[in-house]
Amino acid sequence: MTPLLCKHVCIGTPPWHIDQTDPEQIFLSELAPYPLTDFMPIQPLRLLMCVCCTLLVWRGAAAAELATYGTDGLAIDACHLKLGRDHVRTFWRDPNGLVFGSFDRLSAWLATRGETLVCATNAGIYGEDLRPIGLYVEAGQVRRKLNVRKQAYGNFYLQPNGAFLLSDNEAKILTTDEISADTEKQLSTIRYATQSGPILLRDTQINPLFTPGSENRVVRNAVCVITSTEIVLARSRAPINFHDFAQQLRGRIGCRDALYLDGSISQLYPFGNNNFGPNFAPMIGATMPARP
């Protein structure tokens, strides 16, 4: 397996304590004019004033970046992906029709194909039969049709809901209404897609249905688009409400558009506790060639 490079990234007021003998440490300040690779003066007590996250960067063919943003109840784990650099796609069933259901089984199957799973998350709400309840596209094939129903119970139906769409060179999130207005055109170049809801961010605007301070808190995950070629898979480390989750995705990570994927069962590989809980249906993941 390709090794991980661990870089500790701190955002805060300099100066900080820095181990200048460790070439793997990078410290970033929004307030000081230091390039990313520069090391700044040390004052050990100021370390506590940093807001720190751990950034893991794959060395090799793929360069997906793993990071944790924020602290305590607002901490968000994230996997940064870039089209053209990272091999991103959706997964649901193996060639025999068996649902993968977990990262372990997906990783094992990928290994037989000479691939390594870099990062992945469960990708949308599904039924008890482990079938997505909305649009699902894999390798250009529509496996589940667009669900245009609105008056129903559950997060999936909170409006607007939508879908994450991935073509060979573009990622985007569209509302269900935008897709249904001309489904054939909107899906004509799409290689992978998953429908879910609600949309958390739309052109950086938080969904107006969300209530600041809401007590409806669960662990949540999402896919977000920073630019047409930059994607982030994200999961909260602790229970969080919709408004705070959307706010963190926008403010900490820089998401422009974001789609809620699921709650309570949410997982993000390779972060901790990835093989506990029930099976899930579709997944979004990034892979790289396995090393000989």
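Trainee: Can you break down the nonpolar core residue by residue, with the values?
Mentor: Counting residues in hydrophobic clusters, the biggest one holds 26 residues, and the most contacted among them are L81, F164, L166, V223, I231, L233 and I284. Listed by contribution, the elements that provide at least two residues to this core are β4 (76-82), β6 (115-122), β9 (162-166), β10 (171-175), β14 (220-227), β15 (230-236), β16 (257-263) and β18 (283-289). The leading source of residues in this core is β18, at 3 residues. Contact partners of V223, with chain neighbours within four places excluded, come to F164, I173, I231, V232, L233, D257, A258, L259, L261 and I284. One finds I76, F245, L249 and Y260 within the second-largest nonpolar core, a separate group that totals 21 residues.

Trainee: If you had to explain the pattern of salt bridges to someone new, which residues and values would you point to?
Mentor: Summed over all chains, the structure comprises 11 salt bridges. Here R89 makes a salt bridge to E115, at a shortest N to O gap of 3.0 Å. Of this pair, R89 sits in strand β5 (residues 87-91) while E115 sits in strand β6; the two residues are 26 residues apart in sequence, bridging distant segments of the chain. In this structure R89 comes out as buried when scored by relative accessible area, which is 8%. Look at E115 and you get buried, because its relative accessible area is 13%. In this structure, the salt-bridge partner of R191 is D168, at a minimum N-O distance of 3.9 Å. Note that R191 is positioned in the loop between α3 (183-186) and β11 (192-196) and D168 in the loop between β9 and β10, a separation of 23 residues in sequence.

Trainee: Run through the pairing of β15, naming residues and quoting values.
Mentor: With 6 of 7 residues buried, β15 is to be regarded as a mostly interior element. Note that β4 and β15 share 7 bridges and pair antiparallel. Residue pairing for β15: A78 is matched across the bridge by A234. Note: β14 against β15, 6 bridges, orientation antiparallel.

Trainee: Could you give an account of unusual backbone geometry, with specific residues and numbers?
Mentor: Looking along the chain, the bond that leaves G197 and enters P198 is cis, with omega of 5 degrees. Among the structural elements, P198 can be located in the loop between β11 and β12 (199-202). The phi angle at D203 is positive, at roughly 55 degrees, despite the residue not being glycine. One non-glycine residue, S264, lies in the positive phi region at around 70 degrees.

Trainee: So what about helix α1 (residues 103-112)? Which residues, and what values?
Mentor: Considered for burial, the residues of α1 that qualify are F103, L106, W109 and L110. Buried residues in α1, looked at end-on, bunch into an arc of 130 degrees, giving them a common side. Exposed and facing more than 90 degrees away from the buried side of α1 are A111 and T112. Immediately downstream of α1, the backbone of G114 shows phi near 75 degrees, a positive value.

Trainee: A description of the state of the cysteines should follow, citing residues and the corresponding values.
Mentor: Applying the stated criterion to the full structure yields 2 disulfides. At a sulfur-sulfur separation of 2.0 Å, the disulfide partner of C79 is C119. Disulfide C79-C119: the torsion about the S-S bond is -60 degrees, which places it as left-handed. With C79 in strand β4 and C119 in strand β6, this residue pair connects regions lying 40 residues apart in the sequence. Judged by its relative accessible area of 0%, C79 falls in the buried class. Judged by its relative accessible area of 0%, C119 is buried.

The rules we used
- Residues numbered from 1 in each chain as written.
- Predicted model: local features only at pLDDT ≥ 70, side-chain atom pairs only at ≥ 80, totals over all residues.
- Heavy atoms only, no water.
- Core = buried A, V, L, I, M, F, W, Y, C linked by side-chain atoms within 4.5 Å.
- Buried < 20%, exposed > 50% of the residue type's maximum accessible area, 1.4 Å probe, protein only.
- Helix = DSSP H or I, 4+ residues; strand = E, 2+ residues; numbered from the N terminus.
- Contact = heavy atoms within 4.5 Å.
- Salt bridge = Lys/Arg side-chain N within 4 Å of Asp/Glu carboxyl O.
- Pairing = 2+ DSSP bridges.
- Arc of directions from axis to C-beta.
- Disulfide = S-S within 2.5 Å.

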